[in-house]
Amino acid sequence: MAPSFVPNGGFAAGKAAPTSVTGRLTSVYSDVQNSRIDCELPLPSVLERPFKIVAGPGSSAAGNPDEIAKLFPHLFGQPSAMLVPSETEALPSDQKLKIGVVLSGGQAPGGHNVISGIFDYLQNRVKGSILYGFRGGPAGIMKCKYVELNSDYIYPYRNQGGFDMICSGRDKIETPEQFKQAEETARKLDLDGLVVIGGDDSNTNACLLAENFRSKNMKTRVIGCPKTIDGDLKCKEVPTSFGFDTACKIYAEMIGNVMIDARSTGKYYHFVRLMGRAASHITLECALQTHPNITIIGEEVAAKKLTLKNVTDYIVDVICKRAKVNYNYGVILIPEGLIDFIPEVQQLIAELNEILAHDIVDEDGLWKKKLTDQSLKLFEFLPRAIQEQLMLERDPHGNVQVAKIETEKMLIQMVETELEKRKQEGSYKGEFKGQSHFFGYEGRCGLPTNFDAMYCYALGYGAGALLHDGKTGLISSVGNLSAPVEEWTVGGTALTSMMDVERRHGKFKPVIKKAMVELEGAPFKKFASLRDEWALNNRYISPGPIQFKGPGADAANHTLLLELGARC
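Residues numbered from 1 in each chain as written. Predicted model: local features only at pLDDT ≥ 70, side-chain atom pairs only at ≥ 80, totals over all residues. Heavy atoms only, no water.

Participant: What should I look at first to understand the overall build of the protein in this one?
Facilitator: A tally of helices and strands in the protein yields 21 helices and 15 strands. For the protein, buried positions account for 57% of its 568 residues. A sequence separation of at least 24 residues applies to 78% of the contacts in the protein between residues at least 6 apart. (Helix = DSSP H or I, 4+ residues; strand = E, 2+ residues; numbered from the N terminus. Buried < 20%, exposed > 50% of the residue type's maximum accessible area, 1.4 Å probe, protein only. Contact = heavy atoms within 4.5 Å.)

The structure is reproduced here in structure tokens:
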């Protein structure tokens, strides 16, 4: 039995602290953290009994299948996999496996439970197997920096937030030299398999690794796991990415707090920017949980081709209507990537990306001559602070670092200007004071909710099963998530089936297609049916902190339940 962890940061009397976990022991654990460590997690019933893995129909791609087929000749078209009950064990239990696991990209609550699930699968189903954890993300694979994970090492991280068991990184394995380094590591450790825990880019990288290993006739198989708090890594077979549930509930608690503040003071408009560069899932989910006065959904802005002025006017119209009933306060939710959804700004950013990919920006501003007249006019119209943020160094994919663009502050300035204009015209007589917030990293490493804890554990267990069966190029998928855990389904989905090609650094590359908010989907339709009521009436909900026991503790988020057809 694993040693008992106690609140003072050590282990219980008589239990020596293993040196492998000293990193965790330097921190003091709260009573809640301690109570979570030994919280047993249920598994889908198919994983508790003998099972076999059956193949589904052949797959295609999310877009440009001919291009994807050329890029992945050894993987394209392979079927999905599903675990089904069997009368006898179909997989050999005497086969000792050597499996590696890596955390890739930004943190998301539940990652440690994926690793725990892989480890427990090997311990329970393939005794004598070894699990290696690559340190610091994909760079750990290339540099062969790893630690052998055992029960003592893993124990303090069970059901805990963060990625600090082995830490993460944003490196990519993409050049011939980097692929060669990964091959050398796989051969040195004699790896039978590798699990890549990451988002859309990381799982694209996992697929590239799987293709490379198979093309070299290596025995190392690669399985992905869907991770991102943004919620944009999903498809029919992969209902949600882990971490989304926890992050949204953390943000919803903070939004509920500022709602009460707004109502208490009666004089502030809180502009809250929420994480989600490419999609507005977090913003939509938090709106469904808290009922703010105004919520801007980027996908709707893009679909309606709204301008910055259109968005500003919408906000100002609501503020003016509220002022007439003496509500000079409110809460406004804005997705992190809003500025990238506005067509005129999207065009400007696309032009800037091309310019910055090939040219050095000169101080004299001669580079501006390469902008179209419309984009140049918009660039000069934006506040100087936003201009500077648009020119910041690009992210690893060659895109604008949207997280560093303080859209909420820009909107406050633009709203102030328009309200002053309307005040002079006599159509607005209220008082406006804007408060800006960005809720971002606060949601990435919280203690995972019961849903994320159980979902991640099942994902890890399923990844172990897929590797045990020799599968590669699949992403671990757990479905039927609106049902009790025992009824969840477990399988694997072809990574190439989720792919399209995208322009990055001026070139087309394969990438898992991001799942955007669907304006015809149930979550958005529910929001749209209620937003006018929320705009003028204070229907605020303060969800409070995440619960692990009692009412609502096991409830999944609104987005997932509505997409699965459940009522909430």
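Participant: Help me understand the sheet that holds strand β4 (residues 130-134) in this model?
Facilitator: Sheets are built from strands that pair by backbone hydrogen bonding, the pairs being arranged parallel or antiparallel. Spatially, 9 strands are ordered β1-β2-β13-β12-β7-β6-β3-β4-β5 in an open sheet, and the strand pairing comes out mixed. Edge strands, defined here as strands with exactly one partner in the open sheet, are β1 (51-55) and β5 (146-149). Going from strand to strand, the sheet's axes swing by 30 degrees on average, the running direction of each strand aside. With 2 bridges joining them, strand β7 (residues 221-226) and strand β12 (residues 474-479) adopt parallel strand pairing. Of the residues in β12, the one forming a bridge with isoleucine 223 is leucine 474. (Pairing = 2+ DSSP bridges. Axes fitted to C-alpha atoms, helices over the stretch in contact; angles between N-to-C directions.)

Participant: Would you explain empty space enclosed by the protein in this entry?
Facilitator: In this approach, a probe sized like a water molecule rolls over the atoms, and the result shows the empty space that is left. In this structure the tally under the stated criterion is 3 cavities of 30 Å³ or more. Roughly 60 Å³ of volume is contained in the largest cavity. Along its surface, the largest cavity is lined by Val102, Ser104, Pro138, Ile141, Ile173, Val196, Ser202, Asn205, Ala206 and Leu209. Of all the secondary-structure elements, those providing two or more residues to the lining of the largest cavity are α6 (138-142) and α9 (200-215). (1 Å grid on protein atoms, 1.4 Å probe; cavity = no way out; pocket = protein on both sides within 12 Å on 5 of 7 lines; lining within 4 Å. Points joined across faces, edges and corners; volume = space filled by probe spheres on them.)

Participant: Looking at this structure, how should I read the side chain of glutamate 300?
Facilitator: Tracing the backbone through its elements, the reader meets glutamate 300 in helix α12 (residues 298-303). Within the structure, glutamate 300 has its side chain in polar contact with the side chain of arginine 531 (distance 2.7 Å). Those residues in contact with glutamate 300, other than ones at most four positions away along the chain, are Leu519, Phe524 and Arg531. (Polar contact = N/O pair within 3.5 Å; in protein donor to acceptor, adjacent residues only side chain to side chain.)

Participant: Could you clarify how one ought to interpret helix α8 (residues 176-188) in this entry?
Facilitator: Side chains of residues three or four places apart in an α-helix project in the same direction, reflecting 3.6 residues per turn. Taking 1.5 Å per residue as the helical rise, α8 with its 13 residues ought to reach 18 Å, and the 18 Å between its terminal C-alpha atoms agrees with that figure. Residues of α8 that are buried include every one of Phe179, Ala182, Glu183, Thr185 and Ala186, and no others. Projected down its long axis, α8 carries its buried residues within an arc of 160 degrees, all on one side. Facing away from the buried surface of α8 by more than 90 degrees, the exposed residues are Arg187 and Lys188. Contacts made by the buried residues of α8 are with β4, α6 and α9. (Expected span 1.5 Å × (residues − 1). Arc of directions from axis to C-beta.)

Participant: I tried to follow the sheet that holds strand β8 (residues 269-274) on my own but got confused; where do I start?
Facilitator: Pairing within the open sheet is parallel, and its 4 strands lie in the order β9-β10-β8-β11. Two strands in the sheet have a free side with no partner beyond their single neighbour: β9 (294-295) and β11 (434-439).

Participant: Just to check I follow, could you spell out the pattern of salt bridges for this structure?
Facilitator: Should their charged atoms come close, side chains of opposite charge can pair. Applying the stated criterion across every chain, the model contains 26 salt bridges. Aspartate 120 is paired through a salt bridge with arginine 158; the nearest N and O atoms lie 2.8 Å apart. In this pair, aspartate 120 is assigned in helix α5 (residues 111-125) and arginine 158 in the loop between α7 (151-154) and α8, connecting sequence segments 38 residues apart. No difference in accessibility class separates aspartate 120 from arginine 158, as the two residues are buried. Across the salt bridge formed by lysine 514 and aspartate 232, the nearest N and O atoms sit 3.7 Å from each other. Of this pair, lysine 514 sits in the loop between β15 (507-512) and α20 (522-536) while aspartate 232 sits in the loop between β7 and α10 (244-265), and the two are 282 residues apart along the sequence. For lysine 514, a relative accessible area of 26% gives the class partly exposed. Aspartate 232 gets classed as buried once you look at its relative accessible area, which sits at 3%. Residues participating in the shared-partner salt-bridge network are Lys309, Asp313, Asp317, Glu418 and Arg422. (Salt bridge = Lys/Arg side-chain N within 4 Å of Asp/Glu carboxyl O.)

Participant: Would you take a moment to explain the packing of aromatic side chains for this structure?
Facilitator: Two descriptors summarise a pair of aromatic rings, namely the distance from one centre to the other and the angle between the planes of the rings. Scanning all chains against the criterion turns up 13 aromatic pairs. Consider the rings of phenylalanine 527 and tryptophan 534, whose centres lie 6.1 Å apart with planes at 55 degrees: the pair is tilted. Of the residues examined, phenylalanine 527 reaches a relative accessible area of 0% and is grouped as buried. Note on tryptophan 534: relative accessible area 3%, which makes it buried. Here the aromatic residues Tyr121, Tyr457 and Tyr461 are joined through ring pairs into a cluster of three or more. (Phe/Tyr/Trp six-rings, centres within 6.5 Å; stacked < 30°, edge-to-face > 60°.)

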